[in-house]
Number of protein chains: 2
Amino acid sequence: MSSNDLENLIDLMARLPGLGPRSARRAVLHLVRKRALLLTPLSDAMQQVAVTARECLNCGNIGTSDICDLCADDTRATGEICVVEDVADLWAMERAGVFKGRYHVLGGTLSALDGIGPEELSIPRLVDRVTSEAITEVILALNATVDGQTTAHYIADQLEGQVRLTSLAQGVPIGGELDYLDEGTISAALRARKSI
Amino acid sequence: MSSNDLENLIDLMARLPGLGPRSARRAVLHLVRKRALLLTPLSDAMQQVAVTARECLNCGNIGTSDICDLCADDTRATGEICVVEDVADLWAMERAGVFKGRYHVLGGTLSALDGIGPEELSIPRLVDRVTSEAITEVILALNATVDGQTTAHYIADQLEGQVRLTSLAQGVPIGGELDYLDEGTISAALRARKSI
């Protein structure tokens, strides 16, 4: 642990999710060795993102303009909104590459304990969008957690009668082994069984 | 995956050891959310390190001056050199906090296959230091791998008769359970058993 600059960088790196003190040290050594190839480009890319990154005013996705690329994309269907908790969930949906409509990022889940109400979650904005964008289907792609499902129920209450409301199917994940699945998933999969 | 700036940053982050594409995305989202607290300071710290970090001309440690803090520290013993493969190993030794002498970082291990000979490893510089710094003991703290031990033997050959040569003890690690240890470690520990 030689110098203050290095220690400072290690401390900051260790605050990233997924990195602890040990892996932060490894990463910093790697960076120092690849100064031209990685350290400088990474520092520049961070500075760039620090300046340009912003939340889409429409859907809450993170991009580099006030209206994100997905909202600005004319080729995407306009009648469907997929509601997700988080930008990471939106990115996961996009990687799956099957949904071609619009998104709405809540920014979390309702939580009385943490004082997170509908206002904090851009739920009023979602209700507005359903009317103003002539939405016909709202897909609630919230996490299958207690908080996620509570939030889904609240949103369903708000929008009832205005649009078709759907949620992601629950069941055995592709490649999943029954032996490793929890009872809740197995019983959900059994209840939703299909003829073959 | 909205914009090029973000994707570029994610790609670069994914090249760090210990981060894959998924954890790089998580880290970047975290950075965008903590722009003032983490993203900007991290970018600045990287730029700082990119400018100031350099290898110590004497021992090969990484620091911010031509002679590192450890080599410049007058309170450290001058008669002993601890030889390590890598700066990360030096840092690990320093965390243990028991060695108070000087270090010598080889920068790798001998490898005929990869064309790494004594010159590439600053072994000649080590031989020089043993004479010029009036070293009495060289501790070979190389990894207990085949390459590490080959390198240790080569260095021992070079320095034979000039100094006392030692290596780290091998045995059961503190907190280690026999059941989880390999046979090599157990037999080394048995051969080096001590009276109690």
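Residues numbered from 1 in each chain as written. Chains lettered and ligands numbered in written order. Predicted model: local features only at pLDDT ≥ 70, side-chain atom pairs only at ≥ 80, totals over all residues. Heavy atoms only, no water.

Enquirer: Account for the interface of chain B and chain A, with residues named and values stated.
Expert: By a widespread convention, an interface's size corresponds to the accessible area lost as its parts come together. Facing the 53 residues of chain B at the interface are 53 residues of chain A. Taking both partners together, chain B and chain A bury about 4,900 Å²; carbon and sulfur atoms supply 68% of that area. Our enumeration of links across chain B and chain A arrives at two salt bridges. Its salt-bridge partner being Arg33 of chain B, residue Asp86 of chain A comes within 3.2 Å of it at the nearest N-O pair. Across the chain B-chain A interface, the total number found is 11 residue pairs in polar contact (both at pLDDT 80 or more). Secondary structure elements with two or more residues in the side of chain B that touches chain A: α1 (4–13), α2 (21–33), α3 (35–52), β2 (62–63) and α5 (87–96) of chain B. Looking at which element gives the most residues to the side of chain B that touches chain A, the answer is α3 of chain B, with 17 residues. Among the residues forming the side of chain B that touches chain A, the class breakdown is 28 nonpolar, 13 polar and 12 charged. (Contact = heavy atoms within 4.5 Å. Buried area = accessible area lost by both parts, 1.4 Å probe. Salt bridge = Lys/Arg side-chain N within 4 Å of Asp/Glu carboxyl O. Polar contact = N/O pair within 3.5 Å; in protein donor to acceptor, adjacent residues only side chain to side chain. Helix = DSSP H or I, 4+ residues; strand = E, 2+ residues; numbered from the N terminus. Nonpolar A, V, L, I, M, F, W, Y, C, P; charged D, E, K, R; others polar.)

Enquirer: Now, about the domain arrangement of chain A: what can you tell me, with residues and values included?
Expert: Here chain A is described as being made up of domain 1 (3–52) and domain 2 (73–167). The C-alpha centroid of domain 2 of chain A is placed 35 Å from the C-alpha centroid of domain 1 of chain A. (Domains from an automatic or database assignment.)

Enquirer: Please set out the packing of aromatic side chains residue by residue, giving values where relevant.
Expert: Residues and elements named next belong to chain B. Inspection of the entire model under this criterion finds two aromatic pairs over all chains. Ring plane angle 70° and centroid distance 5.3 Å describe the contact between Phe99 and Tyr103, whose orientation is recorded as edge-to-face. With a relative accessible area of 8%, Phe99 lands in the buried category. Judged by relative accessible area, which is 2%, Tyr103 ranks as buried. (Phe/Tyr/Trp six-rings, centres within 6.5 Å; stacked < 30°, edge-to-face > 60°. Buried < 20%, exposed > 50% of the residue type's maximum accessible area, 1.4 Å probe, protein only.)

Enquirer: Explain the environment of Ile135 of chain B to me, using residue names and the numbers behind them.
Expert: Residues and elements named next belong to chain B. Looking at the element boundaries, Ile135 is found in the loop between α6 (123–132) and β5 (137–140). The buried category is assigned to Ile135, whose relative accessible area is 6%. In this structure, the C-alpha to C-alpha distance between Ile135 and Pro21, residues 114 residues apart in sequence, is 48 Å. The contact partners of Ile135, leaving out residues within four places of it in the chain, are Thr78, Gly79, Glu80, Ile81, Arg129, Val130 and Val163.

Enquirer: Provide a residue-level description of the sheet that holds β5 of chain B, including the pertinent values.
Expert: All names here are of chain B. Judged by pairing direction, the sheet is parallel, and its four strands sit side by side in the order β4-β3-β5-β6 without closing on themselves. The open sheet is flanked by β4 (102–105) and β6 (164–167), the only strands paired with a single partner. The average undirected angle you get between the axes of adjacent strands in this sheet is 25°. Pairing analysis gives four bridges linking β5 to β6, with the strands arranged parallel. Bridge pairing in β6 links Val138 to Leu165. Packed on one face of the sheet, α6 meets β3 (80–84), β4 and β5 and runs near 160° to β4. Its contacts with the sheet place helix α7 (residues 146–159) against β3, β5 and β6, and it is angled at close to 170° to β5. (Pairing = 2+ DSSP bridges. Axes fitted to C-alpha atoms, helices over the stretch in contact; angles between N-to-C directions.)

Enquirer: Give a description of the relation of the copies chain B and chain A that names residues and reports values.
Expert: For these two chain copies, the linking operation is a rotation about an axis paired with a shift along it. The transformation that overlays chain B on chain A combines an axial shift of 0.0 Å with a rotation of 179°, and the residual RMSD is 0.1 Å. Here the two chains are linked by the operation of a two-fold rotation axis. Residue Ser43 of chain B, judged by its C-alpha, is the member of chain B lying nearest the rotation axis, at 2.3 Å. Taken as a fraction of all interface residues of chain B, those also at the interface in chain A reach 100%, which identifies the copy contact as same-surface. (Least-squares fit on C-alpha atoms with pLDDT ≥ 70 in both.)

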